[in-house]
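Spelled out from the first residue to the last, the chains are:
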Amino acid sequence: MRDGFVHPYVPNAAPAARRKLLEAIGADDVADLYAAIPEALRVQGLLDLPPALPGEHDLRRHLEEIVSRNRPCTGTWLNFCGAGCAQHYVPAIVDEIVHRGELLTAYGGGTYSDHGKNQALFEFQSLMGELVGMEVVSTPTYDSGAATGSAAMMACRITGRRGVLVPETMSADKRAQLRGFTKPFATVGTVARDPATGGTDLADLRARVSGETAAVVIESPGYLGLIETEAAQIADIAHEAGALLIAGVDPISLGVLAAPADYGADLVVGDLQPLGIHMYAGGGNGGFIASRDEARFVAEYPSILFSIAPTGGGNSSGFGFGWSTMERTSYDTRHDATDYTGTTQWIWGIGAAVYLSLMGPDGMAEIGRGIMQRARFAAERIAGLPGVSVPHLERPFFKEFVVDFSGTGRTVAAINGALLAAEIHGGKDLSGEFPALGQSALYCVTEMHGAADIERLVSALGEAVR
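All values derive from a computational prediction rather than experimental measurement. (Residues numbered from 1 in each chain as written. Predicted model: local features only at pLDDT ≥ 70, side-chain atom pairs only at ≥ 80, totals over all residues. Heavy atoms only, no water.)

1. Structural notes on the overall build of the chain
Stage number 1. Of regular secondary structure, the chain possesses 14 helices and 14 strands.
Stage number 2. Compactness check: the chain gives a C-alpha radius of gyration of 25 Å against a globular reference of 23 Å for 466 residues, within 12% of the reference.
Stage number 3. Relative to its 466 residues, the chain shows a buried fraction of 47%.
Stage number 4. For the chain, the share of sequence-separated contacts (at least 6 apart) that also reach a separation of at least 24 residues comes to 68%.
Stage number 5. Total accessible area computed for the chain in this model is approximately 22400 Å², and 55% of it derives from carbon and sulfur atoms. (Helix = DSSP H or I, 4+ residues; strand = E, 2+ residues; numbered from the N terminus. Rg over C-alpha atoms; globule rule 2.2 N^0.38 Å. Buried < 20%, exposed > 50% of the residue type's maximum accessible area, 1.4 Å probe, protein only. Contact = heavy atoms within 4.5 Å. Areas by Shrake-Rupley, 256 points an atom, 1.4 Å probe, with all protein chains shown as cover.)

2. Focus on the packing of helix α5 (residues 115-132) against helix α12 (residues 346-383)
Stage number 1. At a minimum axis separation of 8 Å, α5 and α12 run at an interaxial angle of 45 degrees. Taken together, the axes of α5 and α12 lie oblique to each other. For α5 against α12, the interelement crossing comes out left-handed. Of the residues in α12, those in contact with Lys 117, Ala 120, Leu 121, Glu 123, Phe 124, Leu 127, Met 128 and Leu 131 of α5 are Trp 346, Gly 349, Ile 350, Ala 352, Ala 353, Leu 356, Ser 357 and Met 364. (Axes fitted to C-alpha atoms, helices over the stretch in contact; angles between N-to-C directions. Parallel < 35°, antiparallel > 145°, perpendicular 65-115°, else oblique. Left-handed = near helix turned anticlockwise from the far one by under 90°.)

3. Examining the environment of Ala 231
Stage number 1. Among the structural elements, Ala 231 can be located in helix α9 (residues 231-240).
Stage number 2. Those residues in contact with Ala 231 that sit more than four places away from it in its chain are Ile 218, Leu 245 and Tyr 263.

4. Looking at the environment of Val 298
Stage number 1. Tracing the backbone through its elements, the reader meets Val 298 in helix α10 (residues 295-298).
Stage number 2. Residue class for Val 298 comes out buried when judged on its relative accessible area of 16%.
Stage number 3. Each C-alpha atom of the pair Val 298 and Ile 97 lies 30 Å from the other, and the pair is 201 residues apart in sequence.
Stage number 4. Sequence-distant contacts of Val 298, defined by excluding residues within four places in its chain, comprise Val 136, Asp 293, Leu 305, Thr 325 and Arg 328.

5. Structural notes on the pattern of salt bridges
Stage number 1. Applying the stated criterion across every chain, the model contains 14 salt bridges.
Stage number 2. With a closest N to O distance of 2.7 Å, Arg 69 and Glu 65 form a salt bridge.
Stage number 3. Through salt bridges that share partners, Asp 266, Arg 292, Glu 294 and Arg 296 make up one connected network. (Salt bridge = Lys/Arg side-chain N within 4 Å of Asp/Glu carboxyl O.)

6. A look at the sheet that holds strand β3 (residues 163-167)
Whether parallel or antiparallel, the strands of a sheet pair through hydrogen bonds between backbone atoms.
Stage number 1. Strand order in the open sheet formed by seven strands is β2-β8-β7-β6-β5-β3-β4, with mixed pairing between adjacent strands. Whereas interior strands pair on both sides, the edge strands pair on one side only; in this sheet they are β2 (136-137) and β4 (187-191).
Stage number 2. Across four bridges, the pairing between strand β6 (residues 244-249) and strand β7 (residues 267-271) is parallel. When the sheet's bridge partners are listed, Val 249 is paired in β7 with Gly 270.
Stage number 3. Against the sheet, α9 contacts β5 (213-219) and β6, and its axis sits at roughly 150 degrees relative to β6. (Pairing = 2+ DSSP bridges.)

7. As for α12
Stage number 1. Its 38 residues give α12 an end-to-end C-alpha distance of only 41 Å, which falls more than 12% under 56 Å, the value for a rise of 1.5 Å per residue.
Stage number 2. The largest bend in α12 is about 95 degrees, located at Gly 360, with the proline Pro 361 one to four residues further on. (Expected span 1.5 Å × (residues − 1). Bend = angle between axes of the 7 residues up to and from the residue.)

8. Side note on the sheet that holds strand β13 (residues 428-429)
Stage number 1. Sheet architecture is open: three strands sit in the order β11-β14-β13, paired in antiparallel fashion. In this open sheet, the two edge strands, each paired with only one partner strand, are β11 (400-404) and β13.
Stage number 2. Here β13 runs beside strand β14 (residues 440-444); their pairing, made up of two bridges, is antiparallel. The partner of Asp 429 across the bridge, within β14, is Ala 441.
Stage number 3. Sitting on the sheet, helix α13 (residues 412-421) is in contact with β13 and β14, with an inclination near 40 degrees to β14.

9. Points about the nonpolar core
Stage number 1. Among the nonpolar cores identified, the biggest contains 59 residues, and Met 128 and Leu 275 are the most heavily contacted of them.
Stage number 2. Listed by contribution, the elements that provide at least two residues to this core are α3 (92-98), α5, α8 (202-208), β5, α9, β6, β8 (287-291) and α12.
Stage number 3. Tallying contributions element by element places α12 first for this core, with 12 residues.
Stage number 4. For Met 128, the contacting residues outside a window of four places in its chain are Val 137, Pro 251, Leu 272, Leu 275, Phe 288 and Leu 356.
Stage number 5. In this structure, Leu 385, Val 388, Phe 401 and Val 403 belong to the second largest nonpolar core, which totals 28 residues. (Core = buried A, V, L, I, M, F, W, Y, C linked by side-chain atoms within 4.5 Å.)

10. Re the side chain of Thr 141
Stage number 1. By secondary structure assignment, the location of Thr 141 is in the loop between β2 and α6 (144-159).
Stage number 2. Thr 141 gets classed as buried once you look at its relative accessible area, which sits at 5%.
Stage number 3. At a separation of 3.0 Å, a polar atom in the side chain of Thr 141 contacts the main-chain carbonyl oxygen of Asp 143. (Polar contact = N/O pair within 3.5 Å; in protein donor to acceptor, adjacent residues only side chain to side chain.)

Here it is, written out as structure tokens:
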């Protein structure tokens, strides 16, 4: 704004408009708004930025040049990297619906002003509830990590305890997110991984669970792809100690895997990304929380819930959709709320509802079987390469699996570099996150990968490890 320049893309940038806004809030200068930030944390002077691009054509050309440097996951490129955001097929009808103006731009309006969006989110909650075997489902949270954090705090409030146990194999990012989010209310500890099975070490769980444990968190499939075959036993151990079981799931797996409610989960969390959401730079995720329809759970949900009720006035065939027990949420209690949630991901809930209604139970079963078959085929072919192994290949896994390159004498970084030269995005490097696994990478195979794609990966890996 110096030298009288008014940027066309910055709202209220004109001096008169800025002065009017400052006067309205009783501030003399914009700098007054940052008085609460210590001087040591403030940037002194102006940032060293290039000149502004006020021309729309110039700005567009500049951004297109940046985008052109991207290495895509389409065309001749293949992608085998997942770790929380994977390449799944998004049916055209999903994009058609979520890009409609009345859904894409509308904020969460009131019961009467936004009836259609309320119904769409009610349908999302209903479809997700059927998928996970629960009656109550939240509106979307930011991602599965946020959902896990909110579910953990729900468990702490319900039980009056603060201990939360999570699997050692939970991703470092999610564990850090969970600890940071729950720090004032919970103490997060880890349960060891059983080296023989790759799953939860039941003996270690029994040793760690206590009368201070509010919740035990499991993931099935886990971050490293393995399915937690002892989930029911883990639920029993948690419940015997008076703790709740929080089950983290990949929703696209639930056409072939048991619903979490079937093995004793009290709260279910996960990410909607596999259900019709593209991979976006810096986005493309939306979490959810689900539970039984019990007052002790519903009272602790931080998010808005939608309910259906018959209309009055003699029209017995009509129905309305509205918010339930709004006083629970930060929208009603604001700074006195026990938790916070936003509405930025609601559009992904609508997309997930379209995806689930399109797939149906048979479609979800078919895609789940297809992913498991493709992942198994890929893992077995990769394990046949010299010096390469796939730990726990005899165990059931879904979509993702660990590949150990330690026997090749090559680092994951070098192998991934060779794959990039062949226009293939390799697996996520786990050597820093899980040093005990050696030079290992996490590979992801979805319904997007055909036999020819997998064979191309195996051939490129064979060349890379020579």
